[in-house]
Amino acid sequence: MAGIVSQMVFGKPERNKQVDQSLLAGLLGMFDDEKFVKEMLNSHAPDEGEIDDYSLFVLAENTLKAATTIVDGVANPKGAPPAPVDYKSPKEGFNPPLEAISEVTCQLTCKALDTKNVRETMVSLFQELSHYSWVGKAVVTLSSIAIYYADFWRLAQVEPSDMLGESVAILKGLPAITKPADATKIQVFGVLNEMIKTILDMTGCIVEFEQESKDVPELSTAIDISTSVTQIIISILACSIQFTTLISVMVDESKGKDLLAFARKVNMINHTIKSQLEDFKQKKEEIREYQRLQRLFNAPTDNVVLIKAFFCIKDEPQPLFLGSTKTTDKIDSLRRKNVLLLISDLKLSSYDLSIMVNIYNQPKFQESRYEIVWVPIVVDQKETDIDTTTTRQQFEDLQTQMPWYSARYPSLINKVAVKIVREKWHFQQETIVVALDPQGKVECHNAVHMIRMWGLEAFPFTDSVVMTIWKRRDISWFELLLNDSVIPNIQEAIKLEKLIFLYGSEDAKLVQELDEGIKKMADDSGTAINAFNVTKVALFWTRLESCMFSMMQAQIDVLDTLMQDILKLYASFKKDGGFALLAKGSRVVISCTLSSASKVVANYDEWKKVVGIDGMTIETAFKVQHDQSVAPETCYHFYIPNTAGHMPEEVKCPVCPRTMRKIIKFECCHGAH
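Everything numeric here is computed off the predicted structure, so don't read it as measured data. Along each chain, residue indices are assigned from 1 in the same order as the chain's sequence is written. The model is predicted, so local features are restricted to residues of pLDDT at least 70 and side-chain atom pairs to those at 80 or more, both for listing and for counting; the totals for chains, interfaces and linings are taken over all residues. Excluding hydrogens and water, the side-chain figures rest on all heavy atoms present in the structure.

Secondary structure follows DSSP: runs of H or I at least 4 residues long count as helices, runs of E at least 2 residues long count as strands, and numbering of each begins at the N terminus. Along its length, the chain carries 27 helices and 11 strands. Only protein chains enter the accessibility calculation, which uses a 1.4 Å probe. A residue is then buried if its area is under 20% of the maximum for its type, exposed if over 50%, and partly exposed in between. The proportion of buried residues among the 673 residues of the chain is 49%. Any two residues whose heavy atoms approach within 4.5 Å are treated as being in contact. Sequence-distant contacts, at least 24 apart, represent 74% of the contacts inside the chain between residues at least 6 apart. Accessible surface area values rest on a Shrake-Rupley calculation with a 1.4 Å probe, where residue burial reflects the displayed protein chains alone. Total accessible area on the chain is roughly 33,400 Å²; 52% of this is exposed by carbon and sulfur atoms.

Listed below in structure tokens is the structure:
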């Protein structure tokens, strides 16, 4: 009897068997129909009257969770008892858009099957919903399917004594579709029920995203809301069509096949939306953490609070490792101490490491309540690669050589703090040393250059100290630049005031010609010339750059003679193909480009005759010949890397009164100097 009533209410079984499958196939194709999706997007015309999306979603969620729980019991009667539904409350005084919900329900349940054209139904739905926000469209449609679905299934719970409820249930055909003998239909109901749960989950994601993204407009496009809503409405229409046909006909073996394909597609979309939501949450958390750390870095009050910002300490209360005792420690142990933050990647040079160890072991350093903390930053690696075997080995090889504090392992470093270090302290890949006082105030943003040049003499490594050092006029930058670590026994040659010829270039042919020319000049004149090709001597370039950067930190005028000597040598190598320098002991006779020095050396036979006349030495004759034979440059220039720190806004030309032109250049040396 109930089966006959069902057929009388909903129409002919054979027709509906064919209709719902063709409609589902049409809807499935809409997911990838870019032209149609664009057409739906163009219908969007929201007005000022917005509904409370969250409250409406809460009501729809309460309704669907209760309904799907009932179906779970029907589809799997031997399963575990369902957990009670956690009902939520909408905002007080909320009034749902009843007229819109009623109209959308009608289109979902009647018009789709009547028109036999899901495209027409979709167009009609979007026209009806055009004045709502994108999330509003989704929650109104979800509320419509919730009413339809729950209204039917709540009758499954009527008590036998409820004669009215039982009569309505019979008229709706409920006993016919839930009888145990109709196992195929029950199975399809199970698939449909899971799909409705997935759609609820999808809608919940975009509602949450709408709420959470209001205060981070820069992340407003983290989820493509318009496309996601279109996919949700397509899915809801598919569920409505399948449900309507299920409660009106018996099921043959082919029934539900398109539904399975549809469910797989919906699961894929849901997975994408959930992943996008998780990415959004992580990025929002990083933005909040970034803003917090920015405030902290701009106005620190305690060095411990600032240093804690570098570490993920929620699950690691003792993130530090003290090399001298091989024990772990809390960051609070650094309170009221001056701290040098040694920030580097895992390619920290043995030269820098040896200098820092020497400073750390000095009594003056130990007695002054100073500490060093190594902050290792794994450069250009994914978060999942930070603790690989290779990375761990590199980290441990360095850590075992450090008697001071270091992070216990690289993955403890807060990546948001790393971002601020890159932006605020200009860390790129080169090692920096940041000096903090006990209140967390930065005394020097990068003391590594003064440490390389002066060692403990620059203690306590503040900007004021380096300014004082460079104001001394007894400095020989040449003698400061070269030590026996750079070129063995060079200091002895300087003290004995021997002739020293330094040069460097990537042009191997030009270097070879200069090598041969210098040897010929030395043999012919009987003068000992200590010639050194420093092209591949990495430490020379490290010290040269540190010398220059240290002077920039001290805000030495770029037109200062000392500064110009350094800049000229640096620019000759970086921009002019190579440099050459001739010195007598610590006194620089001439510094020029390699090409101009090669010309002078090549013409040695022409000017060697003046050597010895009126006390003319070979180095003096070399300079005279250079000045006479090499045409002066029409353009005066020098090269300052943007990593130098202090950058002058305006520079007057030392040759003419004009203001020099500033040029920005991007350069990559592929790891070489």
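This paragraph deals with the nonpolar core. Formed by 76 residues in total, the largest nonpolar core has its most connected members in Leu-27, Met-122, Leu-142, Met-195, Phe-243 and Phe-262. Considering each element in turn, this core owes the most residues, 13 residues, to helix 7 (residues 134–153). Leaving out residues up to four positions away in the same chain, Leu-142 has contacts with Phe-57, Ala-60, Leu-64, Ile-199, Leu-200, Thr-203 and Ile-236. Listed in part, the 70 residues of the second largest apolar core include Met-450, Ile-451, Val-465 and Ile-487. As used here, the term nonpolar core means buried Ala, Val, Leu, Ile, Met, Phe, Trp, Tyr and Cys residues forming a set that is joined through side-chain atoms within 4.5 Å.

With that out of the way, let us pick up the packing of helix 4 (residues 53–75) against helix 7. To get an axis, a line is fitted to the C-alpha atoms, and for a helix only the part in contact is used. The angle between two axes follows their N-to-C directions and goes from 0 to 180 degrees. Between helix 4 and helix 7, the least distance of the axes is 8 Å, while the angle of their chain directions is 35°. The crossing of helix 4 and helix 7 is left-handed. Together, Asp-53, Leu-56, Phe-57, Ala-60, Thr-63, Leu-64, Ala-67, Thr-68, Ile-70, Val-71 and Val-74 of helix 4 and Val-135, Gly-136, Val-139, Val-140, Leu-142, Ser-143, Ala-146, Tyr-149, Ala-150 and Trp-153 of helix 7 make up the contact between the two elements. For the contact of helix 4 with helix 7, the per-class residue count stands at 16 nonpolar, 4 polar and 1 charged. Take the far helix as your reference; a near helix turned counterclockwise from it by less than a right angle gives a left-handed crossing, and one turned clockwise gives a right-handed crossing. Asp, Glu, Lys and Arg are counted as charged, while Ala, Val, Leu, Ile, Met, Phe, Trp, Tyr, Cys and Pro are counted as nonpolar; the rest, among them Gly, fall into the polar class.

Any two rings among Phe, Tyr and Trp, with Trp reduced to its six-membered ring, count as a pair given centres within 6.5 Å; such a pair is stacked if its planes are under 30 degrees apart, edge-to-face if over 60, and tilted if neither. On inspection of all chains with the given rule, the structure shows 31 aromatic pairs. A ring pair is formed by Tyr-149 and Phe-243, whose centres lie 5.0 Å apart and whose planes are at 65°; its orientation type is edge-to-face. Here Tyr-149 is found in helix 7, whereas its partner Phe-243 is found in helix 11 (residues 225–246), with 94 residues between them in sequence. Each ring, one from Phe-209 and one from Phe-280, has its centre 4.8 Å from the other, and the planes form 75°; the classification is edge-to-face. Linking Phe-209 in helix 10 (residues 183–212) with Phe-280 in helix 12 (residues 257–298), this pair joins segments that are 71 residues apart in sequence. Phe-280 carries the same exposure label as Phe-209, and that label is buried.

Strands were regarded as paired on the criterion that DSSP finds at least two bridges between them. One open sheet accounts for 7 strands, arranged 2-1-5-4-3-6-7; its pairing is mixed. Two strands in the sheet have a free side with no partner beyond their single neighbour: strand 2 (327–329) and strand 7 (442–444). For this sheet the average axis-to-axis angle between neighbouring strands, irrespective of direction, equals 30°. In this structure, strand 3 (residues 338–344) lies alongside strand 4 (residues 370–376), joined through 7 bridges in parallel fashion. Note on strand 4: the bridge partner recorded for Leu-342 is Trp-374.

For the rest of this paragraph, the subject is the sheet that holds strand 9 (residues 529–533). The strand order across the open sheet built from 4 strands is 9-8-10-11, with neighbouring strands paired in mixed fashion. Pairing within the sheet leaves two strands with one partner each, and these edge strands are strand 9 and strand 11 (587–593). Across the sheet, the mean angle from the axis of one strand to that of its neighbour is 15°, orientation sign disregarded. Across the sheet, helix 25 (residues 594–602) is in contact with strand 8 (499–504), strand 10 (579–584) and strand 11; its angle to strand 11 comes to roughly 105°.

This part is about the side chain of Gln-231. Following the sequence through the fold, Gln-231 ends up in helix 11. Those residues in contact with Gln-231 that lie beyond four places of it in its chain are Phe-31 and Ile-269.

Moving on, we get to unusual backbone geometry. Note the cis peptide between Phe-459 and Pro-460, where omega equals 10°. You can see Pro-460 is positioned in the loop between helix 18 (448–454) and helix 19 (463–470). In this structure, Arg-369 takes a positive phi of about 55° despite not being glycine. Relative to the helices and strands, Arg-369 is located in the loop between helix 15 (363–366) and strand 4. Within the chain, Asn-489 stands out as a residue other than glycine whose phi angle is a positive 65°. Along the polypeptide, Asn-489 turns up in the loop between helix 20 (477–481) and helix 21 (490–495). By relative accessible area, which is 53% here, Asn-489 ends up exposed.

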